[in-house]
Structure formats: C-alpha cells, structure tokens
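Spelled out, the chains give:
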Amino acid sequence: MKIVIKRERKVVLYFPLSFIKSKLFLKLVDLNEEEIRYDEIIRSSYNELKKFIKKNGHFVLVNVTTKEGVKVKIVV
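Residues numbered from 1 in each chain as written. Predicted model: local features only at pLDDT ≥ 70, side-chain atom pairs only at ≥ 80, totals over all residues. Heavy atoms only, no water.

Draft legend 1. Spotlight on the overall build of the chain. Counting secondary structure elements, the chain contains two helices and four strands. Secondary structure elements of the chain, listed N to C terminal, follow the sequence β-β-α-α-β-β. Buried positions account for 18% of the 76 residues belonging to the chain. A sequence separation of at least 24 residues applies to 34% of the contacts in the chain between residues at least 6 apart. (Helix = DSSP H or I, 4+ residues; strand = E, 2+ residues; numbered from the N terminus. Buried < 20%, exposed > 50% of the residue type's maximum accessible area, 1.4 Å probe, protein only. Contact = heavy atoms within 4.5 Å.)

Put into structure tokens, the structure is as follows:
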C-alpha cells in the first residue's frame, strides 16, 4: 500500500498490505465499542483483497485534491 501526499513537498509512505490487519492500524483508526466489527471485516476481507491484486494488479483506492491544493492518493 502506498500513500502519497503532495503539498509543497511530496511525501510517500509505503506500508505492506498486511498492515491493514495489524493491531497498530486498528489502534490508529481508534475503534470504539460500536465499531469493533471493523476488525472482523478487515481480517476476513484481507485474503480476498490479496487475490484481487494478484489477478488484476494494484489500483487507486483514494485520489483527492482539496481546495488548498493538497493531493492525497492511496494505491493498494
């Protein structure tokens, strides 16, 4: 997974796809009691996502530009 943030400078962050099922990621998302099912959904769909990427290749998940000109792009 690659996260690209462009403002005045370009910042690129690389994470392995398995990061989305890690406990650290879940803590960063800051789950509360109502959203605890999110953990189950991520873990169960991780294998399907891997199969999709293997068959079809990587894809752009998010491509956003703000009014201030900040661009955020997430490639899985």
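Continuing now.
Draft legend 2. Summary view of the pairing of strand 1 (residues 2-6). As paired elements, strand 1 and strand 2 (residues 10-14) share five bridges and run antiparallel to each other. Residue lysine 2 lies in a different strand from strand 2, and its bridge partner there is tyrosine 14. A loop of three residues connects strand 1 with strand 2, the two strands running antiparallel in sequence. Relative to strand 4 (residues 71-75), strand 1 runs antiparallel, the two sharing five bridges. Looking at the pairing, isoleucine 5 lines up with valine 72 of strand 4. (Pairing = 2+ DSSP bridges.)

Draft legend 3. Here's a closer look at the confidence of the model for the chain. Summarising the model, the chain shows a mean pLDDT of 82, and 87% of its residues fall at 70 or more. The spread of mean pLDDT over the elements of the chain runs between helix 1 (residues 23-29), the lowest at 73, and strand 3 (residues 60-65), the highest at 91. (pLDDT = per-residue confidence, 0-100.)

Draft legend 4. Expanded view of a nonpolar patch on the surface. The grouping of Ile5, Val11 and Leu13 at the surface amounts to a nonpolar patch, some 210 Å² of accessible area in total. Along the chain, leucine 13 falls in strand 2. Residue leucine 13 is classed as partly exposed on the basis of its relative accessible area of 37%. (Patch = residues over 30% accessible without salt bridge, like charges linked within 9 Å, V, L, I, M, F, W, Y side chains within 5 Å. Areas by Shrake-Rupley, 256 points an atom, 1.4 Å probe, with all protein chains shown as cover. Salt bridge = Lys/Arg side-chain N within 4 Å of Asp/Glu carboxyl O.)

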